[in-house]
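Residue strings, one per chain:
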Amino acid sequence: MEKGKARTGKAGERTYSSRELIRRFLPYLRKYRLLLYLDLFFASLTTLCDIVLPMIMRRLTNSALGNAPALTAEAVIRMALLYVLLRLIDAGAFFYMQSQGHIMGVHIETDMRTDAFSHLQRLSDTYYANTKIGQIMGRITNDLFDVTEFAHHCPEEFFIAGIKLAASFVILCQSSLLLTVLVFACMPVMLVVCTKVNHWLRSAQKAQRFQIGELNAAIEDSLLGQRVVKAFTAEKTEAAKFDEGNQAFRRIKTRWYYAMATFGMTTRLFDGLMYTVVIVAGGLFLVNGRINAGDLVAYILYVSTLIATIRRIVEFAEQFQRGMTGIERFYEIMDAEVDILDKPEARELQVTEGAIDFEDVSFEYPDDHNRVLRHLNLHVRPGENLALVGPSGGGKTTICPDNPWMGDAKRTEAHKHLSSAAAQGHVYADFLVGCYYYYGYAPVKKDYDEARKIFERAAKKACTDAMVNLGIMYDQGLGVAANRHKVLEYTQRAAEGGNASAQYNMSVLIKTVNKRKSVEWLEKSAAQN
């Protein structure tokens, strides 16, 4: 599939034309072109009844009025049998369209969701810091479901409309070229007007989708923080925030329905215009003998077919706009810039002796540009044990994220040394032993109760990292009953002790109840890089 071009690290900044979206969507459709061709073939079969019925009625009318050879009972039965046969063909073709057409759409939806998830895996923390998870979830679930409907209904509806328009024009021209041109002359004007209204529809649909994502993100944030909300009795504040987003969604959806009503009204006015042309021009042509009564009946039936087709397109317009908006929001993800890339001359890492070397390494996180590492030089020889000890935010995790190369044997050996240091009164070593029980690292098994006891012992000796972990345990109910007061107690003690992570956590915990204090904690955390 087509890979997104790197344009922006933040979704929603770019506007796409309908032509560009369809062009970029075609490779997904082309993959299932056999299913598509069969779907369009059966779609063409569903038009036979609408094309043949006016011809049958014209023949019956002209025969009854003496304008054509008299019909026999046998001829009438043959026409009836022909129409019944066409109806059976129509039923079978419709079944194929409804089943295989939707299945083709599901295949395309699955491919697009796979591509979106794969691209999301490659994006850095900057993207997720600037994009709400509720927005992302909406884009790869609900939006792509609408693409399923769009993928097969869009080709079907326009293909069927094209066949009916072309067949009706050719057949009616045989009766009266001038009257046919007058009837069909309404359609270009209708197309121009409806296209302009269509732009309003798409804009309203996109705003609606965006607000749904915002509302989902706000609800997710509020529900995940219910314990904090209840601890500070901030239910009214959260309700007010929810109501603000909910009312904004109502206003946007109201504008969408006004746009839909305008679009529907426009098409109905043009329906009436086409019927008026048939009544006036067709009546005058009939009076002057330029067409016969059977031809006028055929004109009315074909115009009814055309109007029914146009109304079907109008009904499809909402689905079309949802599909186009879904494709647009999909490509906003695919076009998000992947800012972590290998250089062209990058070489695969080859592990030989197992030594670890950092040579003049500097690193900063792109979202806040805080320099975590500055010209780091480090050499760890094969078989050498090295402990990274330092305050939270000092760069330990950046250098060694969860020690992926450390197997159980190394962890066991490290645990022995840490336990020895803890027995000699090294507080941070004691805390790290507690982490072994917390995570279940070899040689011990996960034991939250033992981890809590060790963390509490280290916390009494002013180990702020132990306080942070205790806050997390009481927040998530890990080995203890969830207790919001304990969460705040340990987190605040760690924050006041200068722990940058705790200061950030305090900012999050109180942001809905004390924004000024929340900002103060955030500034203190940021000051420590």
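Further up the page is the structure itself.
Quick look at the structure, then.

### Things to note about the packing of helix α4 (residues 73-122) against helix α7 (residues 142-173)
Right, so step 1: One way to put it is that α4 packs onto α7 with a least axis distance of 8 Å and a crossing angle of 135°. Considered as vectors, α4 and α7 are oriented oblique to each other. Relative to α7, α4 is oriented so that their crossing is right-handed. Side by side, α4 and α7 meet where Met 97, Gln 98, Gly 101, His 102, Met 104, Gly 105, Val 106, Ile 108, Glu 109, Met 112 and Arg 113 of the first sit next to Leu 144, Phe 145, Val 147, Thr 148, Glu 149, Ala 151, His 152, His 153, Glu 156 and Ile 160 of the second.

### Describing the side chain of Asp 111
Right, so step 1: Assignment of secondary structure puts Asp 111 in helix α4.
Right, so step 2: Filtering out sequence-adjacent residues up to four positions away, Asp 111 remains in contact with Tyr 28, Lys 31 and Tyr 32.

### Considering unusual backbone geometry
Note: most residues except glycine have negative phi, and most peptide bonds are trans.
Right, so step 1: Notably, Asp 360 is not glycine yet its phi reads approximately 50°, a positive angle.
Right, so step 2: For Asp 360, the position within the fold is in strand β1 (residues 356-365).
Right, so step 3: With a phi close to 70°, Ala 462 is a non-glycine residue in the positive phi region.
Right, so step 4: Counting through the fold element by element, Ala 462 comes out in the loop between α16 (448-460) and α17 (464-476).
Right, so step 5: For Ala 462, a relative accessible area of 56% puts it in the exposed group.

### Describing the environment of Asn 469
Right, so step 1: With respect to the helices and strands, the residue Asn 469 is situated in helix α17.
Right, so step 2: On the accessibility criterion, Asn 469 (11% relative accessible area) is buried.
Right, so step 3: In this structure the C-alpha to C-alpha distance between Asn 469 and Ala 451, which are 18 residues apart in sequence, comes to 9.4 Å.
Right, so step 4: Among all residues touching Asn 469, those that are not within four sequence positions of it are Phe 431, Cys 435 and Phe 455.

### A short note on the state of the cysteines
Right, so step 1: Within the structure shown, the criterion is met by zero disulfides.
Right, so step 2: Cysteine Cys 463 shares no disulfide, and the gap to the nearest cysteine sulfur, in Cys 435, comes to 8.5 Å.

### So, the packing of aromatic side chains
Right, so step 1: Considering all chains together, one arrives at 15 aromatic pairs under this definition.
Right, so step 2: Considering the side-chain rings of Tyr 438 and Tyr 448, the 5.8 Å spacing of their centres and the 70° angle between planes classify their relative orientation as edge-to-face. One end of the pair, Tyr 438, is in helix α15 (residues 427-439); the other, Tyr 448, is in helix α16, with 10 residues separating them in the sequence.
Right, so step 3: For Tyr 438, a relative accessible area of 11% puts it in the buried group.
Right, so step 4: An aromatic cluster is defined as three or more aromatic residues linked by ring pairs; in this entry it consists of Tyr 428, Phe 431, Tyr 436, Tyr 438, Tyr 439, Tyr 441, Tyr 448 and Phe 455.

### Focus: the nonpolar core
Right, so step 1: Formed by 37 residues in total, the largest nonpolar core has its most connected members in Phe 431, Phe 455 and Ala 466.
Right, so step 2: Where this core is concerned, the elements lending two or more residues are α14 (408-423), α15, α16, α17, α18 (484-496) and α19 (500-509).
Right, so step 3: Looking at this core element by element, the count peaks at eight residues for α15.
Right, so step 4: Listed in part, the 33 residues of the second largest apolar core include Phe 270, Phe 285, Ala 298 and Ile 307.

### So, the pattern of salt bridges
Right, so step 1: Applying the stated criterion across every chain, the model contains 15 salt bridges.
Right, so step 2: The residue Arg 24 makes a salt bridge to Asp 335 at a minimum N-O spacing of 2.9 Å. Linking Arg 24 in helix α1 (residues 18-30) with Asp 335 in the loop between α12 (293-334) and β1, this pair joins segments that are 311 residues apart in sequence. As far as burial versus exposure is concerned, Arg 24 and Asp 335 are alike and both buried.
Right, so step 3: As a salt-bridge pair, Arg 516 and Glu 520 come within 2.7 Å of each other at their nearest N and O atoms. Placement of both Arg 516 and Glu 520 in helix α20 (residues 515-527) is noted, with a separation of four residues, approximately one turn of the helix.
Right, so step 4: The class for Arg 516 is exposed, based on a relative accessible area of 56%.
Right, so step 5: One network of salt bridges, in which partners are shared, links Asp 449, Arg 452, Lys 453 and Glu 456.

The rules behind these values
- Residues numbered from 1 in each chain as written.
- Predicted model: local features only at pLDDT ≥ 70, side-chain atom pairs only at ≥ 80, totals over all residues.
- Heavy atoms only, no water.
- Axes fitted to C-alpha atoms, helices over the stretch in contact; angles between N-to-C directions.
- Helix = DSSP H or I, 4+ residues; strand = E, 2+ residues; numbered from the N terminus.
- Parallel < 35°, antiparallel > 145°, perpendicular 65-115°, else oblique.
- Left-handed = near helix turned anticlockwise from the far one by under 90°.
- Contact = heavy atoms within 4.5 Å.
- Buried < 20%, exposed > 50% of the residue type's maximum accessible area, 1.4 Å probe, protein only.
- Disulfide = S-S within 2.5 Å.
- Phe/Tyr/Trp six-rings, centres within 6.5 Å; stacked < 30°, edge-to-face > 60°.
- Core = buried A, V, L, I, M, F, W, Y, C linked by side-chain atoms within 4.5 Å.
- Salt bridge = Lys/Arg side-chain N within 4 Å of Asp/Glu carboxyl O.

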